[in-house]
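# Examining the three-dimensional arrangement
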Amino acid sequence: MGIKERLTAIREKIARAAEKAGRKPEEIKLLGASKTQPPEKIREAFEAGLSLFGENYVQEAKKKKEALADLPLTWHLIGYLQRNKARDAIKIFDLIETVDRKAIAAELEKRAARHEKIIPVFIEVNVGGEETKAGVAPEDLPALVEYVLSLSHLSLEGLMTIPPYRENPEDVRPFFVRLRELKEDIERRFPEAKLRELSMGMSHDFHVAVEEGATIVRVGTALFGPRPKK
Ligand SMILES: *Cc1c(COP(=O)(O)O)cnc(C)c1O
């Protein structure tokens, strides 16, 4: 199966999940998680109808973006952002999904102000409480939201999570529910916060995420096939 066929299959699965949940399939955006995939694969996905991509590493994204400069693509940062990469990140990405601490928000604000830009961001939440994972702890989310809302060059537009891996996608469902509930809680506490997007769900569980309210699913291997080694 090529990328085109896989893309069709993924879109059908999204549509089925949306229907099951009484949602419109158009509410859900598919992001191609393209880390370690060569630019040719991204081009192939674009030709098949996809224009939103997510990269994990700033330098890797920079090279690919240059190689694909002739295409109207949208790029999200979906990997951990180091402070010394913030300057490049705001030049390369249209949206940063992984704001997870005050220090990185402050650094992005500083850089964005210098470029007179407003950067759309999501806050990444560690819903599973895993020590090895990035993301703000759910109990610290309100304070981080309050801080990001106070920054005039960051536009907070959603939440993102990478839940713990579970063999059975059904076992991931409670983590997706948790992110949706956190969004609702934040919107109650901060009426000025418009969290339009919930970025959750990957290759093996995106259908469950759609049922629980995902507006962006980040799909890598199910779309591109196995990742080449770096
Ligand atoms: C790699 C990655 C994905 C996609 O993972 P697959 O299981 O290949 O679909 C999604 N989100 C993030 C943050 C990733 O790093």
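What you see is a predicted model; the values in this text were computed from it and never measured. (Residues numbered from 1 in each chain as written. Predicted model: local features only at pLDDT ≥ 70, side-chain atom pairs only at ≥ 80, totals over all residues. Heavy atoms only, no water.)

## Re the environment of Val 172
- Mapped onto the elements, Val 172 comes out in the loop between strand 6 (154-161) and helix 7 (173-189).
- Taking the relative accessible area as the measure of exposure, Val 172 reaches 0% and is therefore buried.
- Beyond its immediate chain neighbours, meaning those up to four positions away, Val 172 contacts Pro 163, Pro 164, Arg 166 and Asp 205. (Helix = DSSP H or I, 4+ residues; strand = E, 2+ residues; numbered from the N terminus. Buried < 20%, exposed > 50% of the residue type's maximum accessible area, 1.4 Å probe, protein only. Contact = heavy atoms within 4.5 Å.)

## Remarks on the UniProt feature "modified residue: N6-(pyridoxal phosphate)lysine" (unreviewed entry) in the protein
- Mapped onto this numbering, the UniProt entry annotates "modified residue: N6-(pyridoxal phosphate)lysine" (unreviewed entry) at Lys 35.
- One can find Lys 35 in the loop between strand 1 (29-33) and helix 2 (39-47).
- Discounting residues that sit within four places of it in the chain, Lys 35 has contacts with Gly 54, Glu 55, Asn 56, Glu 60, Lys 64 and Arg 227. (UniProt positions renumbered as here; feature names shortened; annotations may be inferred.)

## Concerning the nonpolar core
- Counting residues in hydrophobic clusters, the biggest one holds 65 residues, and the most contacted among them are Ile 96 and Ile 123.
- No other element matches the six residues that helix 1 (residues 3-20) contributes to this core.
- When near neighbours in sequence (up to four residues on either side) are disregarded, Ile 96 contacts Leu 77, Leu 81, Ala 89, Ile 90, Leu 108, Ile 119, Pro 120, Val 121 and Phe 122.
- Among the nonpolar cores identified, the runner-up in size contains eight residues, and Ala 33, Leu 52, Leu 95 and Met 160 belong to it. (Core = buried A, V, L, I, M, F, W, Y, C linked by side-chain atoms within 4.5 Å.)

## Remarks on the site of the ligand
- Contacts to the ligand come from 13 residues, most closely from Lys 35, Asn 56, Ser 203, Gly 220 and Arg 227.
- Asn 56 has a polar side-chain atom sitting 2.8 Å from an oxygen atom of the ligand.
- In the environment of the ligand, an oxygen atom lies 2.8 Å from a nitrogen or oxygen atom belonging to the backbone of Gly 220.
- Against a free-state accessible area of 390 Å², the protein chains account for coverage of 90% of the ligand.
- Tallied by class, the residues present in the shell around the ligand amount to six nonpolar, four polar and three charged. (Near = heavy atom within 4 Å. Polar contact = N/O pair within 3.5 Å; in protein donor to acceptor, adjacent residues only side chain to side chain. Areas by Shrake-Rupley, 256 points an atom, 1.4 Å probe, with all protein chains shown as cover. Nonpolar A, V, L, I, M, F, W, Y, C, P; charged D, E, K, R; others polar.)

## Some words on the pattern of salt bridges
- One pass over the full model with this rule turns up 20 salt bridges.
- Close ionic contact of Lys 64 with Glu 60 constitutes a salt bridge, the shortest N to O distance being 2.7 Å. Here the residue Lys 64 and the residue Glu 60 both occupy positions in helix 3 (residues 58-67), the gap between them amounting to four residues, near one helical turn.
- For Lys 64, a relative accessible area of 6% puts it in the buried group.
- Taking the shortest distance from any N to any O, the salt bridge between Glu 107 and Arg 111 comes out at 3.2 Å. Residue Glu 107 and its partner Arg 111 are both found in helix 5 (residues 102-114); the two are separated by four residues, about one turn of the helix.
- Here Arg 111 falls in the buried class, since its relative accessible area comes to 17%.
- Because the salt bridges share partners, they merge into one network encompassing Lys 20, Glu 170, Arg 173, Arg 180, Glu 184, Glu 211 and Glu 212. (Salt bridge = Lys/Arg side-chain N within 4 Å of Asp/Glu carboxyl O.)

## Overview of the UniProt feature "domain: Alanine racemase N-terminal" (unreviewed entry) in the protein
- In this numbering, the UniProt entry assigns the feature "domain: Alanine racemase N-terminal" (unreviewed entry) to residues 7-228.
- In this annotation, residues 7-228 is assigned 40% helix and 18% strand; the end-to-end C-alpha distance for the span is 19 Å.

## Here's the deal with unusual backbone geometry
- Phi angles above zero are rare outside glycine, and Thr 36 is one such case at about 65°.
- Among the secondary structure elements, Thr 36 is positioned in the loop between strand 1 and helix 2.

## Section: the packing of aromatic side chains
- Per the counting criterion, the structure on display carries one aromatic pair.
- Where Phe 53 meets Trp 75, the ring centres are 6.0 Å apart and the plane angle is 40°; that geometry is what we call tilted. Here Trp 75 lies in strand 3 (residues 74-77) and Phe 53 lies in strand 2 (residues 52-55), a separation of 22 residues in the sequence. The two residues Phe 53 and Trp 75 agree in class, both being buried. (Phe/Tyr/Trp six-rings, centres within 6.5 Å; stacked < 30°, edge-to-face > 60°.)

## Some remarks on the packing of helix 5 against helix 6 (residues 141-149)
- Orientation of helix 5 relative to helix 6, taken along the N-to-C sense of each, is 10°, at an axis distance of 10 Å. When the axis of helix 5 is compared with that of helix 6, the two are roughly parallel. Counting all contacts with helix 5, which are made through Lys 102, Ala 105 and Ala 106, the residues of helix 6 involved are Ala 143, Leu 144, Tyr 147 and Val 148.
- Counted by class, the contact of helix 5 with helix 6 contains six nonpolar, no polar and one charged residues. (Axes fitted to C-alpha atoms, helices over the stretch in contact; angles between N-to-C directions. Parallel < 35°, antiparallel > 145°, perpendicular 65-115°, else oblique.)

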